[in-house]
Amino acid sequence: GDATRAWKVIADSLRVWTEVKRLNLEDEQYAHGPEKPGIEVIRDMGVHICATCGIEETPSKPLRACSRCKIQKYCSRECQVQDWKRHKLNCRQ
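Here the structure is a predicted model, which is why all the values come from computation and not from measurement.

> A description of the overall build of the chain should follow, citing residues and the corresponding values.
Secondary structure summary: the chain contains four helices and two strands in total. A burial count over the chain gives 33% of its 93 residues as buried. Summed over its atoms, the accessible surface of the chain is roughly 6,400 Å², and 56% of this surface lies on carbon and sulfur atoms.

In structure tokens form, the structure reads like this:
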């Protein structure tokens, strides 16, 4: 039921977050760089995650692409606003 699906989403998100940590994408230079290089690595794995908080896209919670570049994805408007100062340096129309 719904509880099983919720636990699957949590487990999948944990799997992705563990992979992000394994790839050492959470260090200081990554957090302050003009564009997060690890996002491309995660995309190459076929996984779409929010560029700000790392939540994985699911069928019930699709991510929204940046309306300008259509590349960067976010789980919410709040995450997009929080990331804009960094993202706008590389955002392409």
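Following the structure, the description resumes.
> Go over unusual backbone geometry with me, naming the residues and quoting the values.
Of note in the backbone geometry, K70 takes a positive phi value of approximately 65° without being a glycine. Residue K70 is classed as exposed on the basis of its relative accessible area, which comes to 57%.

> Before we move on, can you summarise the confidence of the model for the chain with the specific residues and values?
When pLDDT is averaged along the chain, the result is 75, and 68% of the positions lie at 70 or above. Within the chain, no element has a lower average pLDDT than helix 2 (residues 28-32), which sits at 46, and none a higher one than strand 1 (residues 64-65), at 92.

> So what about the pattern of salt bridges? Which residues, and what values?
Counted by the stated rule, this structure contains two salt bridges. Notably, a salt bridge pairs K73 with E57, separated by 4.0 Å at the nearest N-O pair. Residue K73 is found in strand 2 (residues 73-74), and its partner E57 is found in the loop between helix 3 (37-44) and strand 1; the two are separated by 16 residues along the sequence. Among the salt bridges present, the one from D83 reaches R86, with a minimum N-O distance of 2.5 Å. One end of the pair is D83 and the other is R86, both in helix 4 (residues 77-87) and three residues apart, which spans about a single turn. Looking at R86, the relative accessible area reads 11%, which means it is buried.

> Please provide a residue-by-residue account of the environment of C50, values included.
For C50, the location among the structural elements is in the loop between helix 3 and strand 1. Distance from C50 to S76, taken between C-alpha atoms, is 8.4 Å for residues 26 residues apart in sequence. Once you skip the residues sitting within four places of it in the chain, C50 turns out to touch I55, L63, K73, Y74, C75 and C79.

Reading the values: the criteria
Residues numbered from 1 in each chain as written. Predicted model: local features only at pLDDT ≥ 70, side-chain atom pairs only at ≥ 80, totals over all residues. Heavy atoms only, no water. Helix = DSSP H or I, 4+ residues; strand = E, 2+ residues; numbered from the N terminus. Buried < 20%, exposed > 50% of the residue type's maximum accessible area, 1.4 Å probe, protein only. Areas by Shrake-Rupley, 256 points an atom, 1.4 Å probe, with all protein chains shown as cover. pLDDT = per-residue confidence, 0-100. Salt bridge = Lys/Arg side-chain N within 4 Å of Asp/Glu carboxyl O. Contact = heavy atoms within 4.5 Å.

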